[in-house]
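Inside the fold
The chain contents come next:
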Amino acid sequence: MKRARVGNVEVVALVDCVEAYDANMVYPDAAEAIAPLRGYLDSEGRVALNFASFLLREGTRTILVDTGWGPEHHGLLPDELREAGVGLDEIDTVIFTHLHGDHTAWNLDRANGTPMFPRARYLVPRADWDHYSAEASASFVRDVAPLERLGVLDLIEGERVLTPSMTTLPTPGHTPGHTSVVITSAGERGFILGDVVFSEVDAALPDLLSTFDGDRELARRTRKAIVQRLVEDGSLVGASHIRAPGLGRFVRDGAGTRWDALA
Ligand SMILES: [Zn+2]
């Protein structure tokens, strides 16, 4: 758990779990490309991926972005929320950057099938709803489809105003409906990135194709454009999978870019 601010918006990074993946599995063309980036990998050539959610608080509003990888991965999101001093019933909005199972797993109380966040509307990008309901992936059937039956689901598309300071932005490629959240408050900027960038490796090498992107070419175009935008505007960035707790900024590094973690 780590707290930061963007103007009047409190941004809290919540770490559900951390798991290490072989870099060659995450980046199919990576063997040569990542050689200069060994510093980002552990001694076995693995990259530590964080599985984060972000809490955004402003005035009376409490918004949770993504709900983690859940009990099957020994997820700690409920404990992180408790440590942050936030009751499950204080969250008025849950929004998903996308519908992969590592972003949806604490949606429901598994014991009784009720919403984990009893007062929240759950906002789902429509293009992901269409894609994953047709595919009927296991995590969709378990975690997302019940939200419709429970009457707590709203489909969203385009740029949706969440609060006067927070708006969604479609960032497709990783999934068809992948969505980020833009924060603008009191002259400061923030950006909840989702999976536009996975790790410090592709923050430094945004051209790398990634195994986990549904449309790898579109994802690469989106990643390069968004990293460039965030370098230029200096946004505080919350990234789902970049080294825990996943808060920092993209900065220039010579002719390229790199991730600069929040101290
Ligand atoms: Zn993810």
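As shown above, the structure is provided for reference.
Now for a look at the structure at hand. (Residues numbered from 1 in each chain as written. Predicted model: local features only at pLDDT ≥ 70, side-chain atom pairs only at ≥ 80, totals over all residues. Heavy atoms only, no water.)

**Regarding the overall build of the protein**
Operational definition: Numbering goes from the N terminus for both helices and strands, where a helix is a DSSP run of H or I of at least four residues and a strand is a run of E of at least two. Radius of gyration here is computed from C-alpha atoms only, and the compact-globule reference equals 2.2 Å multiplied by the residue count raised to the power 0.38. Throughout this description, buried means an accessible area under 20% of the type-specific maximum (1.4 Å probe, protein chains only), exposed means over 50%, and partly exposed covers the range between. Here, two residues are considered to be in contact whenever any of their heavy atoms come within 4.5 Å of each other. Exposure was quantified through the Shrake-Rupley algorithm and a 1.4 Å probe, taking into account, for residues, occlusion by the shown protein chains and nothing else. Neither His nor the chain ends contribute to the count of charged residues, in which Lys and Arg are positive and Asp and Glu negative. Charge positions are represented by NZ for Lys, CZ for Arg, CG for Asp and CD for Glu.
Check the secondary structure of the protein and you find seven helices and 14 strands. Rg of the C-alpha trace for the protein: 17 Å, near the compact-globule value of 18 Å for 263 residues, within the 12% margin. Once the C-alpha set of the protein is aligned to its principal axes, its extents read approximately 50 × 40 × 35 Å. Looking at the protein as a whole, 56% of its 263 residues qualify as buried. Counting contacts in the protein only where the partners sit at least 6 residues apart, residues at least 24 apart contribute 69% of the total. Put simply, the protein shows about 10,800 Å² of open surface, and 50% of that area lies on carbon and sulfur atoms. Distance from the positive charge centre (26 side chains) to the negative charge centre (39 side chains) of the protein: 4 Å.

**Overview of the coordination of the zinc ion**
We apply this condition: Keep in mind that water is not among the atoms, so a site may look incomplete; donors are the N, O and S atoms within 2.8 Å of the metal, or 3.2 Å for Na, K and Ca. Think of it this way: with four donors and all angles in the 85 to 135 degree range, the site is tetrahedral; with four or six donors, opposite ones beyond 155 degrees and the rest between 65 and 115, it is square planar or octahedral; otherwise it is irregular.
The protein atoms that coordinate the zinc ion are Asp102 (OD), His103 (NE2), Asp195 (OD) and His241 (NE2), at distances spanning 2.1 to 2.4 Å. Around the zinc ion sit four donor atoms, and with donor-metal-donor angles ranging over 89 to 166 degrees the site reads as irregular. Counting the intervening residues between successive donors of the zinc ion yields the motif D-H-x91-D-x45-H. On the criterion of sequence distance, the pair formed by Asp195 in the loop between strand E11 (188–194) and helix H6 (200–204) and His241 in the loop between strand E12 (236–239) and strand E13 (247–253) is long-range, its members being 46 residues apart. For Asp195, a relative accessible area of 2% puts it in the buried group.

**Here we look at the pattern of salt bridges**
The criterion, for reference: By definition, a salt bridge exists where a carboxyl oxygen of Asp or Glu is found within 4 Å of a side-chain nitrogen of Lys or Arg.
On inspection of all chains with the given rule, the structure shows 16 salt bridges. Arg110 is paired through a salt bridge with Asp143; the nearest N and O atoms lie 3.7 Å apart. Of this pair, Arg110 sits in the loop between strand E5 (93–95) and strand E6 (121–125) while Asp143 is found in helix H5 (residues 138–149), placing the two residues 33 residues apart along the sequence. Classification of Asp143 as buried rests on a relative accessible area of 2%. When the shortest N-O distance is used, the salt bridge between Arg121 and Asp154 registers 2.9 Å. In this pair, Arg121 is assigned in strand E6 and Asp154 in strand E7 (residues 153–156), connecting sequence segments 33 residues apart. Arg121 gets classed as partly exposed once you look at its relative accessible area, which sits at 34%. Salt bridges linked by common partners bring Glu72, Arg110, Arg142 and Asp143 together as one network.

**Considerations on unusual backbone geometry**
Of the consecutive residues Ala244 and Pro245, the connecting peptide bond is found in the cis state with omega at 5 degrees. Mapped onto the secondary structure, Pro245 falls in the loop between E12 and E13. Phi at Asp66 is positive, roughly 75 degrees, even though this residue is not glycine. Considering the arrangement of structural elements, one finds Asp66 in the loop between strand E4 (61–65) and helix H3 (77–83).

**With respect to the environment of Tyr21**
The criterion, for reference: Two N or O atoms form a polar contact when they lie within 3.5 Å of each other; inside protein one atom must be a possible hydrogen donor and the other a possible acceptor, and for residues adjacent in sequence the pair counts only when both atoms belong to side chains.
Checked against the element boundaries, Tyr21 lands in strand E2 (residues 9–22). Separated by 39 residues in the primary sequence, Tyr21 and Thr60 place their C-alpha atoms 39 Å from one another. In this view, Tyr21 contacts Val26, Gly45, Arg46, Val47, Leu49, Phe51 and Trp69; residues no more than four positions away in its chain are not counted. A distance of 3.4 Å separates the side chain of Tyr21 from the side chain of Glu19, its partner in a polar contact.

**Overview of the sheet that holds E13**
How we decide: Criterion used throughout: strands pair if DSSP finds at least two bridges between them. Each axis is a line fitted through C-alpha atoms, and for a helix only the stretch in contact is used; angles between axes span 0 to 180 degrees, taken between their N-to-C directions.
Taken in spatial order, the seven strands make up an open sheet running E8-E9-E10-E11-E12-E13-E14, and their pairing is mixed. Where the open sheet ends on each side, the last strands, each with one partner, are strand E8 (161–163) and strand E14 (256–261). Strand-to-strand twist across the sheet, computed as the mean angle between neighbouring axes with direction ignored, equals 30 degrees. Bridging between E11 and E12 involves four bridges; their strand directions are parallel. Along E12, the bridge assignment pairs Phe191 with Val237. Seen against the sheet, helix H7 (residues 216–233) touches strand E9 (166–170), strand E10 (179–185), E11, E12, E13 and E14 and runs at an angle of roughly 90 degrees to E13.

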